[in-house]
Amino acid sequence: MNETPEKPAAAKKATAKKTAATKTTAKKAATAKTTAKKTTAGTSAKKATAKPAATAAAGKTPAKKAPARKPESRAAMVRRARRINRELAELYPYAHPELDFTNSFELLVATVLSAQTTDLRVNQTTPRLFAVCPTPEDMAAMDPERLEELIRPTGFFRAKAKSLLGLSAALRDRFGGEVPGRLEDLVTLPGVGRKTANVVLGNAFGVPGITVDTHFGRLARRFGWTTAEDAEKVEADVAEIFPKSEWTMLSHRVVFHGRRVCHSRKPACGACAIAPLCPAYGEGETDPEKAKKLLKYELGGKPGQRLKPPADYPGQPAPPMAAS
């Protein structure tokens, strides 16, 4: 069995000194760390105290956070939504589709043309168009380049001409030259989706429908009726809130308000009649005088979008397209 030889006395003494030195260094480091923490804490406290003092000296009041909005129950949201509809009905008793038309075919064509442009531009374009091709049969027989030229002011004229030629031929060949009065038939036509179908059904056939365009979707989200971005989901969510008999006129009122007051980039919150009911109040201009200047169409003392508006429309008709 091997034994470990003992260390000489000098080695033991050196080891002891080394250990003592290590302990002393560690103790000093700990003390320094504690002192640093206290200093930092004191400095932070001073800064925190100095900030309100500096603000007060500058004559400013520290900004307060807006109080959190209380959660709204489903029943409360529905009551508020229906009250908004009643308020909009009082504000826009003359709400109507803002496309000029005299029959279901003209409304169908005008609605297809309204994609990515204003109703005003469509209304200024369709008189010449319908003078040349007043029926589906006439339009289906149009030379594509001639049709494109007639609808050019509405933009995307090649794609729109293709849709108009296709839907006109389908009406001629499959529906006896008549616009069908069922959603499931309308959506089979080229260029016709649920929005266009609901516009035609609600305003040419009296069949209730919710028209979800960009204005309607924006306001439905601002009002807290839905959080959806998809148009069909928005339609489904809103349909659960309102009775079917209200769907068509609700669409007109909401779109009217979106075009005149509740704009996309700068809503006129300070001039909005339903501001007390809107969860999004404050997203736009809240000063009444400044907000009033943002109002459009008849509310802003300007012409509307229809060249031939309904008799009860309180504003001015739109001017025809200037001769080129």
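Analysis parameters
Residues numbered from 1 in each chain as written. Predicted model: local features only at pLDDT ≥ 70, side-chain atom pairs only at ≥ 80, totals over all residues. Heavy atoms only, no water. Helix = DSSP H or I, 4+ residues; strand = E, 2+ residues; numbered from the N terminus. Buried < 20%, exposed > 50% of the residue type's maximum accessible area, 1.4 Å probe, protein only. Contact = heavy atoms within 4.5 Å. Core = buried A, V, L, I, M, F, W, Y, C linked by side-chain atoms within 4.5 Å. Polar contact = N/O pair within 3.5 Å; in protein donor to acceptor, adjacent residues only side chain to side chain. pLDDT = per-residue confidence, 0-100. Phe/Tyr/Trp six-rings, centres within 6.5 Å; stacked < 30°, edge-to-face > 60°. Lys NZ or Arg CZ within 6 Å of the ring centre and 35° of its normal.

What follows concerns the overall build of the protein. Assigned secondary structure in the protein consists of 13 helices and 0 strands. Relative to its 324 residues, the protein shows a buried fraction of 39%. Long-range contacts, defined as pairs at least 24 residues apart, comprise 59% of the intrachain contacts of the protein with a sequence gap of at least 6.

This part is about the environment of Ala 228. Within the secondary structure, Ala 228 sits in the loop between α10 (214-222) and α11 (231-239). The spacing of Ala 228 and Arg 218 is 10 residues in sequence and 10.0 Å in space, taken between C-alpha atoms. Apart from residues lying up to four places away in sequence, Ala 228 is in contact with Arg 221, Lys 233, Val 234 and Asp 237.

The next subject is the nonpolar core. Core analysis: the biggest nonpolar cluster contains 38 residues, and Phe 216, Trp 225, Val 238 and Phe 242 have the highest contact counts within it. Listed by contribution, the elements that provide at least two residues to this core are α2 (74-91), α10, α11 and α12 (247-260). Val 238 has contacts with Ile 210, Phe 216, Ala 220, Trp 225 and Leu 250, leaving out every residue within four places of it along the chain. In this structure, Cys 133, Ala 161, Val 199 and Leu 201 belong to the second largest nonpolar core, which totals 32 residues.

Phi is positive for Gln 116, close to 60°, though the residue is something other than glycine. Mapped onto the fold, Gln 116 is located in the loop between α3 (104-113) and α4 (119-132). In this structure, Phe 156 is a non-glycine residue whose phi angle is positive, near 45°.

A separate point is the side chain of Gln 305. With respect to the helices and strands, the residue Gln 305 is situated in the segment after α13 (288-292). A polar side-chain atom of Gln 305 sits 3.3 Å from the main-chain amide nitrogen of Asp 119. There is a polar contact of 3.0 Å between the side chain of Gln 305 and the backbone nitrogen of Leu 120. Sequence-distant contacts of Gln 305, defined by excluding residues within four places in its chain, comprise Glu 98, Thr 118, Asp 119, Leu 120, Asn 123, Arg 259, Tyr 297 and Ala 318.

Here the focus is helix α9 (residues 194-204). An α-helix turns once every 3.6 residues. As a result, residues three or four positions apart point the same way. Residues of α9 that are buried: Thr 196, Ala 197, Asn 198, Val 199, Val 200, Leu 201 and Gly 202. Gly 206 occupies a position one or two residues after α9 and carries a positive phi of about 70°.

Take the confidence of the model for the protein next. Atom-level detail of predicted coordinates should not be read off regions where pLDDT is low. Averaged over all residues, the pLDDT of the protein equals 85, while 78% of them reach at least 70. Every residue in residues 1-67 scores below 50 in pLDDT, and together they form 4 contacts with partners more than four places removed in sequence or on other chains.

What follows deals with the environment of Asp 173. Structurally, Asp 173 can be placed in helix α7 (residues 157-174). On the basis of relative accessibility, which here comes to 54%, the residue Asp 173 falls in the exposed class. With 36 residues separating them along the chain, Asp 173 and Glu 137 place their C-alpha atoms 9.2 Å apart.

Next up on the list: the packing of aromatic side chains. Using the criterion set out here, one finds 6 aromatic pairs in the structure. Aromatic side chains Phe 223 and Trp 225 sit 5.1 Å apart centroid to centroid with 55° between the ring planes, which places their arrangement in the tilted category. Side by side, Phe 223 and Trp 225 carry an identical accessibility label, which is buried. Seen from their ring centres, Trp 225 and Phe 242 are 5.0 Å apart, and the 65° between their planes marks the pair as edge-to-face. Note that Trp 225 is positioned in the loop between α10 and α11 and Phe 242 in the loop between α11 and α12, a separation of 17 residues in sequence. Neither Trp 225 nor Phe 242 differs from the other in exposure class; each is buried. Through a chain of ring-to-ring contacts, three or more aromatic side chains come together here, namely Tyr 92, Tyr 94, Phe 256 and Tyr 313. Sitting over the face of the ring of Phe 157, Arg 152 holds its NZ or CZ atom 4.2 Å from the ring centroid. If you follow Arg 260 out to its NZ or CZ, it ends over the ring of Phe 256, 3.8 Å from the centre.

Relative to the elements of secondary structure, Ser 168 occurs in helix α7. You can call Ser 168 buried: its relative accessible area is 0%. In this view, Ser 168 contacts Phe 105, Pro 136, Met 139 and Ala 140; residues no more than four positions away in its chain are not counted.

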